[in-house]
Amino acid sequence: HHHMHARVRVVNISRTHLIVQLDRKGALRGRIHFTELADFGSHVKMLEQLPTEQIRAVLLPNSPADAEAGVGSERENNGKLKLLELSLRPSELSLERGAERTARLTGLDTLEVGQQLHGWVRDVERDGLWVSISHSVFGRVAAAETSDDLAVCSDLKAHFEFGQPVVATVVQLEMEGKRRLKLTLRSSASVAAEPRTSAPVLKRAASPSTTSQIEAKKPRGEKTKDEITKELPMPGCVVRVKVLRAHSGRGVDVQLNERLNGRVHICELADEWLDSPL
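Residues numbered from 1 in each chain as written. Predicted model: local features only at pLDDT ≥ 70, side-chain atom pairs only at ≥ 80, totals over all residues. Heavy atoms only, no water.

Draft legend 1. Highlighting the pairing of strand β9 (residues 128-132). Counting buried positions along β9 yields five of five residues, so the element is predominantly enclosed. With five bridges joining them, β9 and strand β10 (residues 138-142) adopt antiparallel strand pairing. From the neighbouring strand, Leu 129 faces β10, where its bridge partner is Val 141. Taken together, β9 and the strand that follows it, β10, pair antiparallel across an intervening segment of five residues. (Buried < 20%, exposed > 50% of the residue type's maximum accessible area, 1.4 Å probe, protein only. Helix = DSSP H or I, 4+ residues; strand = E, 2+ residues; numbered from the N terminus. Pairing = 2+ DSSP bridges.)

In structure tokens:
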């Protein structure tokens, strides 16, 4: 994992990356993903205009990526053009030639549930965030998992922006050919190791008979009933939930976290009588 320096010219700026030219003829091009513009913990600032001079970048080994149409140096079997991946991280540029560099995450094989990762916010939506870990690995953070502060969860665009550095914990790995992760940013999140699967591990309560019925379901043989009981919140405490679905005349199913579901009976939705509580 030694790195090489290159003098490049920026020829195009998009929202998430820079396209650069490595030779005078333009036959050899590369990409600098926005995650390669800042070191861990530092805010990413995209260029606003094309630099007039060449800039120094670090070539990342063995990481050609599919590019937008019209750029690249060689073609894949499917006809798409490939780009060389480069970095502008200050820590990389300051390393001497031939020095060991920080390894980039290019797949899910080495990841485990509960592992912490450095990343940057890519997209802020009403119901969650998309976080990029590297140029090829990204994950989803549900709104309820963005913070321990409910005020933050209810107004993501006021608290998050593109390029903002975050430390995320892996909640679930979605293999199936997709390099996408389920992540949480909550410092109080307790994430248990689970098999690498995209199959749901949650199941709603069968029939409502109390204010909140909670059950946790793990893949077979993973947890004992006593171990699951210890994960349940104490009666009377206030918890944050995500509404999953409403059932006419019965109530709503809610999600407390990735492993716990609950039911709020229709009689527990409000203090006073409502004609249409759902």
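Draft legend 2. Representation of the side chain of Asp 253 in the model. Within the secondary structure, Asp 253 sits in strand β15 (residues 251-255). A polar side-chain atom of Asp 253 sits 2.4 Å from a polar atom in the side chain of Arg 263. (Polar contact = N/O pair within 3.5 Å; in protein donor to acceptor, adjacent residues only side chain to side chain.)

Draft legend 3. Representation of the environment of Gln 164. By secondary structure assignment, the location of Gln 164 is in the loop between α3 (156-159) and β11 (165-174). Its relative accessible area of 19% is what places Gln 164 among the buried residues. With residues near it in sequence (within four places) discarded, Gln 164 still touches His 43, Gly 119, Trp 120, Val 121 and His 159. (Contact = heavy atoms within 4.5 Å.)

Draft legend 4. Examining the pattern of salt bridges more closely. If you walk through the whole model with that rule in mind, you get 12 salt bridges. Residues Arg 186 and Glu 145 are paired through a salt bridge, measuring 3.8 Å at the closest nitrogen-oxygen approach. Within this pair, whereas Arg 186 is found in the loop between β12 (180-184) and β13 (215-216), its partner Glu 145 is found in the loop between β10 and α2 (150-154), the two being separated by 41 residues in sequence. The exposure class of Glu 145 is buried, given its relative accessible area of 9%. Shared partners join several salt bridges into a network, and the residues in it are Glu 36, Arg 89, Glu 92 and Arg 104. (Salt bridge = Lys/Arg side-chain N within 4 Å of Asp/Glu carboxyl O.)

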